[in-house]
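Spelled out, the chains give:
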Amino acid sequence: MPIDGTDDQIAAVRAFNRFYTRKLGVLDQHVGQSPFSLSEARVLYELAHRDELSAKEIGSELGLDPGYLSRIVQSFDEKGLISRRPLPTDRRQYQLSLTAKGRQTFAKLNLSSQNEVAAMLARLPAGDATRLTQAMATIEAVLEQRRSQPASIVLRSHRVGDMGWVISKQAAAYAADYNWDISYEALVAEICAQFIKTYDATREHCWIAEVGGEPVGSIFLVKATDEIAKLRLLQVEKKARGLGVGRALVEQCMQGARERGYRRMTLWTQSILVAARGIYQSAGFKLVKEEKHHSFGADLVGETWERDL
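How each quantity is defined
- Residues numbered from 1 in each chain as written.
- Predicted model: local features only at pLDDT ≥ 70, side-chain atom pairs only at ≥ 80, totals over all residues.
- Heavy atoms only, no water.
- Phe/Tyr/Trp six-rings, centres within 6.5 Å; stacked < 30°, edge-to-face > 60°.
- Lys NZ or Arg CZ within 6 Å of the ring centre and 35° of its normal.
- Pairing = 2+ DSSP bridges.
- Helix = DSSP H or I, 4+ residues; strand = E, 2+ residues; numbered from the N terminus.
- Axes fitted to C-alpha atoms, helices over the stretch in contact; angles between N-to-C directions.
- Buried < 20%, exposed > 50% of the residue type's maximum accessible area, 1.4 Å probe, protein only.
- Contact = heavy atoms within 4.5 Å.
- Core = buried A, V, L, I, M, F, W, Y, C linked by side-chain atoms within 4.5 Å.

Draft legend 1. Seen up close, the packing of aromatic side chains. Inspection of every chain in the model, using the stated rule, returns 11 aromatic pairs. Geometry around Tyr262 places Arg203 over its ring, the cationic atom sitting 4.0 Å from the centre.

Draft legend 2. Main features of the sheet that holds strand E8 (residues 264-270). With mixed pairing, seven strands are arranged side by side in an open sheet as E4-E5-E6-E7-E8-E10-E9. Both outer strands of the open sheet, strand E4 (153-157) and strand E9 (286-295), are each paired with one neighbouring strand and no more. Strand-to-strand twist of the sheet, defined as the mean angle between neighbouring strand axes without regard to direction, takes the value 25°. As paired strands, strand E6 (residues 214-223) and strand E7 (residues 228-236) are joined by six bridges and run antiparallel to one another. Pairing of Lys223 across the sheet is with Ala229, part of E7.

Draft legend 3. Representation of the side chain of Thr304. Turning to its location among the elements, Thr304 is positioned in strand E10 (residues 298-308). Looking at Thr304, the relative accessible area reads 18%, which means it is buried. Ignoring sequence-local partners within four residues, the contact set of Thr304 consists of Thr266, Leu267, Trp268, Lys286, Leu287, Val288 and Lys289.

Draft legend 4. Fine view of the nonpolar core. Among the nonpolar cores identified, the biggest contains 46 residues, and Phe220, Leu231, Val250, Met265, Tyr280 and Phe285 are the most heavily contacted of them. Here this core takes six residues from helix H9 (residues 245-259), the largest share from any one element. Within the second largest apolar cluster, 19 residues are counted, among which are Phe36, Leu64, Phe106 and Leu109.

As structure tokens, then:
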């Protein structure tokens, strides 16, 4: 049984893969009308766009089996498409470069591919080409996000529509992760409604975290007393966990409380929220109170954490 991804999600991805390969005409593993397989075309592309790569580097970049890649390199060499010379640091490895014939061959292959894609896009209704390329960019970003450099986190103030987002994401996340019932959604809705009704920017605030222009987290600073601020509703979307979003939100909330004249900060959380507790502890909060309770359809241990500002 798959560890991650529902059966419907897995089936959808596989169906898209089958559709897209058919659409591009590469089911036979050859690109356009050329004699090259898809893997061979990818190797040519890398050599055309990067200088003096080793076979090992190409294999690592493209995820190709070393034996299969070796056969491709040998074929290219026999056809006069590449030149090879031993690496100075490792005589067993070779630097690969396209010959003049290799560059001419790639140019012809590249033009053929461009023309095929251009023809496909030309058949689409106005505006659909943009939708298509934007969707492709989204797919690439999602699938490559763990391999790329850490994403830039932007913390902004709340705006119209954010409270609905917070309520929905909080309720769905805790229902999925901890099986909390709809009474938790009611609590979050009450907190958000009260925040908006009595909002005083000199004493309270909400920050929304964004990565790539998309909201992925939130936190609220609310007034407990004239000297004590309360941290509420820390939330980080699962897809953004591990990027430091939670810590950035907590640090911003504490800084916001200092700027508004508070001398102390308190928060209420649950013992089962291990990740959040770790963030609070690393930010200097101390556990000051524990109390068992039954809420949101579950038996819980509520915790109060505090720290001086």
